[in-house]
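# Close look at the chain arrangement
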Amino acid sequence: MADDPNEDAKPTETQREAQEALEKQVAQLKREINKINRTLAEHAEEVVEEATGWYEGAADSVSRTTQALRKRASTASGVAQENPGTVSPAFMLGAAVGLLLGLVLVAGDQRRERWF
């Protein structure tokens, strides 16, 4: 019987059982991978929805802030055009205070350098 070449080509009972077991395992792994893929797709949809919500909220906030800044700039521009005399003294006072503050800070640094 060992001389029959067809006998070696035929799978034995244990080989068939092993192959069937492997095929079952492969099928089970495929099912698990499909479940994982569905779960990942669901989570990805949730993340996209949440990110979209954040983006839309931020865009709305930026839009409202921009509108408020435009209104304030327009109001300030209108006040400056209606009362040009009040803007110039305020600007001059701010410049003078800034200049004095700068001179005081520079003088303080020079005194410290003398002691070192």
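What counts and how
Residues numbered from 1 in each chain as written. Predicted model: local features only at pLDDT ≥ 70, side-chain atom pairs only at ≥ 80, totals over all residues. Heavy atoms only, no water. Helix = DSSP H or I, 4+ residues; strand = E, 2+ residues; numbered from the N terminus. Areas by Shrake-Rupley, 256 points an atom, 1.4 Å probe, with all protein chains shown as cover. Patch = residues over 30% accessible without salt bridge, like charges linked within 9 Å, V, L, I, M, F, W, Y side chains within 5 Å. Salt bridge = Lys/Arg side-chain N within 4 Å of Asp/Glu carboxyl O. Polar contact = N/O pair within 3.5 Å; in protein donor to acceptor, adjacent residues only side chain to side chain. Lys, Arg positive; Asp, Glu negative; His and termini not counted. Charge placed at Lys NZ, Arg CZ, Asp CG, Glu CD. Buried < 20%, exposed > 50% of the residue type's maximum accessible area, 1.4 Å probe, protein only. pLDDT = per-residue confidence, 0-100.

Before going further, it helps to examine the overall build of the protein chain. Within the protein chain one finds three helices and zero strands. Helices and strands appear in the protein chain in the N-to-C order α-α-α. Accessible surface computed for the protein chain: about 10800 Å², of which carbon and sulfur atoms make up 61%.

Among the surface-exposed residues, Leu99, Leu100 and Leu103 lie close enough to one another that they form a single nonpolar patch of about 320 Å² accessible area. Considering the arrangement of structural elements, one finds Leu100 in helix 3 (residues 84-115).

To continue, consider the environment of Thr52. Mapped onto the elements of the fold, Thr52 is located in helix 2 (residues 13-82). Of the polar contacts made by the side chain of Thr52, one reaches the backbone oxygen of Val48; its length is 2.7 Å.

Together, Glu42, Glu45, Glu46, Glu49 and Glu50 give the surface a local cluster of negative charge. Considering the arrangement of structural elements, one finds Glu42 in helix 2.

Turning our eyes to something else, we now look at the pattern of salt bridges. In the structure shown here, the tally under the stated rule is one salt bridge. Between Glu13 and Arg16 there is a salt bridge whose closest N-O contact spans 3.1 Å. Residue Glu13 and its partner Arg16 are located together in helix 2, separated by three residues, close to a single helical turn. Exposure remark for Glu13: the relative accessible area of 47% places this residue in the partly exposed category. Given the relative accessible area of 38%, Arg16 is considered partly exposed.

Overall, the prediction assigns the protein chain a mean pLDDT of 80, with 78% of residues at 70 or greater. Within the protein chain, helix 1 (residues 5-9) has the poorest average pLDDT of any element, 55, and helix 2 the best, 88.

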